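Results of the structural survey
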Amino acid sequence: MQKSFIRKYLTNKLVWLYIGCGGFVLGAALLGLLSSSVTIPITTVLHIVLENGFGLRWLEEVPKNEEMIIWNIRFPRVLLALFVGASLALAGAAFQGLLRNPLADPYTIGVSSGAALGAVAVLFFQVTIIGLGSFTLPFVAIISGLLSLLLVFGLVRLSNRGFAIETIILAGIIISAFIGSIISLIISLGDRDSMTQIIYWLYGSVGMRGWGHVQLIVPFMILGTMLLFIHYRELNAMALGEEAADHIGVDVKRGKIFILVGASLLTGAAVAVSGSIGFVGLVIPHLIRLITGPNHRHVLPLSMLVGGGFLVLADLGARTIIAPKELPIGVITALIGAPVFAVLLVRERVGRGKAID
């Protein structure tokens, strides 16, 4: 009986998919740690990580400069890219499930722009909320991202066209354009140095970040992830439509609130530490659904894994393509995501046209 269970377990495609995605993340992280202008042996890299992280050591002596490069520069950068990519992909999967359309993500419906406005305001005016300290930045970014989402939904309701995905995306573009003009106004009020700093931050990057930024995103990422994982059944039920979900006993309003809060926590925290990085939440969940189907029990965790690994590789490309200079990571994700978004939009329109015919 035990052998048959093990055989069934090993022949399960989802098991191998999880193993493959886990291997992809580990491989991407290892590449991110090893690949740079300064070559450090893999044994030294692993020794530095294990010694500083877990107190394990097997090499007698490690050069201080190499330890500084790995532990204070590369490792927090790889972790931050991993967490930001996982957060954006998970938020995108939640928004797509909630709105029942693969074209929705934090970037296209305006949440990222709202979070960026809050973060820019904190950076420019040097605001610190009493009792929050360094957590002021992600807190304000999360609140402004949630407010932006509420504005989008309010604009959609005023249009009297229901929650059609085209209307939501159009509303997201309108709100994003308005928010972009406010951000431009704030930037124009500053001096050249602050202008350069904010513009570069808006392009999206995980470079020149340290352990402080990792500590900022972790609590919000954990809370947002827990909210979405706990409510994956609501996302599955909403795929049938809100009325059908209500008939099978799902509290639609309560589920919506928790899902929106969880996705906004993830988006706001990611934007606060890395700037605006688009299309991760659009591309990754859609690809995962093509492989696993619509069950959010698997879509959510696999989107996290692949999204994290994807952004680590995107960051690796951003810092190696034109080395020693760096590209903003948002440029890499946009170059990949924009064509995919166009293909998805065309497929969606063609599919609806065939359904009408």
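My aim in this report is to walk through the structure given alongside it, one point at a time.

What counts as what
- Residues numbered from 1 in each chain as written.
- Predicted model: local features only at pLDDT ≥ 70, side-chain atom pairs only at ≥ 80, totals over all residues.
- Heavy atoms only, no water.
- Core = buried A, V, L, I, M, F, W, Y, C linked by side-chain atoms within 4.5 Å.
- Buried < 20%, exposed > 50% of the residue type's maximum accessible area, 1.4 Å probe, protein only.
- Helix = DSSP H or I, 4+ residues; strand = E, 2+ residues; numbered from the N terminus.
- Contact = heavy atoms within 4.5 Å.
- Patch = residues over 30% accessible without salt bridge, like charges linked within 9 Å, V, L, I, M, F, W, Y side chains within 5 Å.
- Areas by Shrake-Rupley, 256 points an atom, 1.4 Å probe, with all protein chains shown as cover.
- Salt bridge = Lys/Arg side-chain N within 4 Å of Asp/Glu carboxyl O.
- Expected span 1.5 Å × (residues − 1).
- Arc of directions from axis to C-beta.

**Some details on the nonpolar core**
Ranked by internal contacts, the top residues of the largest apolar core, which has 94 residues, are V84, F95, I109, I217 and V280. In terms of residue count, helix 4 (residues 64-99) provides more of this core than any other element does, 21 residues in total. Not counting residues up to four positions away in its chain, the partners in contact with F95 are A104, D105, P106, I109, V111, L149, L260, A263 and T267. Counting residues in each nonpolar core, the second largest holds five residues, with L103, I169, F279 and F341 among its members.

**Section: a nonpolar patch on the surface**
Together, F139, I143, L147 and L150 line one region of the surface with nonpolar side chains, adding up to about 360 Å² of accessible area. Within the secondary structure, L147 is located in helix 6 (residues 136-158). Given a relative accessible area of 48%, L147 falls into the partly exposed group.

**Details of the environment of V273**
Structurally, V273 can be placed in helix 12 (residues 252-274). In this structure V273 comes out as buried when scored by relative accessible area, which is 1%. Sequence separation between V273 and W201 is 72 residues, and the spatial gap between their C-alpha atoms is 9.2 Å. If near-sequence neighbours (up to four positions away) are discounted, V273 is found in contact with L80, V84, S205, R209, H213, L216 and I217.

**Structural notes on helix 8 (residues 192-203)**
With 12 residues, helix 8 ought to run about 16 Å at 1.5 Å a step, and its terminal C-alpha atoms sit 17 Å apart, in line with that. Those residues of helix 8 lying buried are S194, I198 and W201. Projected down its long axis, helix 8 shows its buried positions confined to an angular sector of 60 degrees, all on one face. Exposed side chains of helix 8 directed beyond 90 degrees from the buried face belong to R192, D193 and T196. Looking one or two residues past helix 8, G204 carries a phi angle of roughly 95 degrees, positive in sign.

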